[in-house]
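Residues per chain, in single letters:
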Amino acid sequence: MIKGFMPDGDLRPAKKEFKMLVLSRQRDESIIIGDDIEIVIVDVRGDKVRLGINAPREVSVHRKEIYDAIQREKAQQKED
């Protein structure tokens, strides 16, 4: 988290704010993130899109629901 002044003048953690970039891609086209992450559109069927992700081993890649579960588990472990 980054710290910033809140409207009441207190200095406390503020959430990072991001803007979403929306791109259109077709099968076998890619999106590059940074210098070493590539997202490839593998297949599109109806409302399902299959993605291939090429990333260094040290970069964690999870579906959002799995990432959220991991974060909840970490928070619970801190409480125990």
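Residues numbered from 1 in each chain as written. Predicted model: local features only at pLDDT ≥ 70, side-chain atom pairs only at ≥ 80, totals over all residues. Heavy atoms only, no water.

A.B. asks: Lay out the overall build of the chain in plain terms, naming residues and giving numbers.
C.D. replies: The secondary structure content of the chain amounts to 1 helix and 5 strands. Order of helices (α) and strands (β) in the chain, N terminus to C terminus: β-β-β-β-β-α. Residues counted as buried form 11% of the 80 residues belonging to the chain. Long-range contacts, defined as pairs at least 24 residues apart, comprise 0% of the intrachain contacts of the chain with a sequence gap of at least 6. Accessible surface, the chain as shown: approximately 8000 Å² in total, 51% of it carbon and sulfur. (Helix = DSSP H or I, 4+ residues; strand = E, 2+ residues; numbered from the N terminus. Buried < 20%, exposed > 50% of the residue type's maximum accessible area, 1.4 Å probe, protein only. Contact = heavy atoms within 4.5 Å. Areas by Shrake-Rupley, 256 points an atom, 1.4 Å probe, with all protein chains shown as cover.)

A.B. asks: Report on the pattern of salt bridges, specifying residues and quantitative values.
C.D. replies: Scanning all chains against the criterion turns up 5 salt bridges. The shortest N-O distance in the salt bridge between Arg-25 and Glu-29 comes to 3.6 Å. Notably, a salt bridge pairs Arg-63 with Glu-65, separated by 2.7 Å at the nearest N-O pair. Look at Glu-65 and you get partly exposed, because its relative accessible area is 47%. In this structure, a network of salt bridges that share partners links the residues Arg-27, Asp-43 and Arg-45. (Salt bridge = Lys/Arg side-chain N within 4 Å of Asp/Glu carboxyl O.)

Function-wise, these values are silent; they only describe arrangement.
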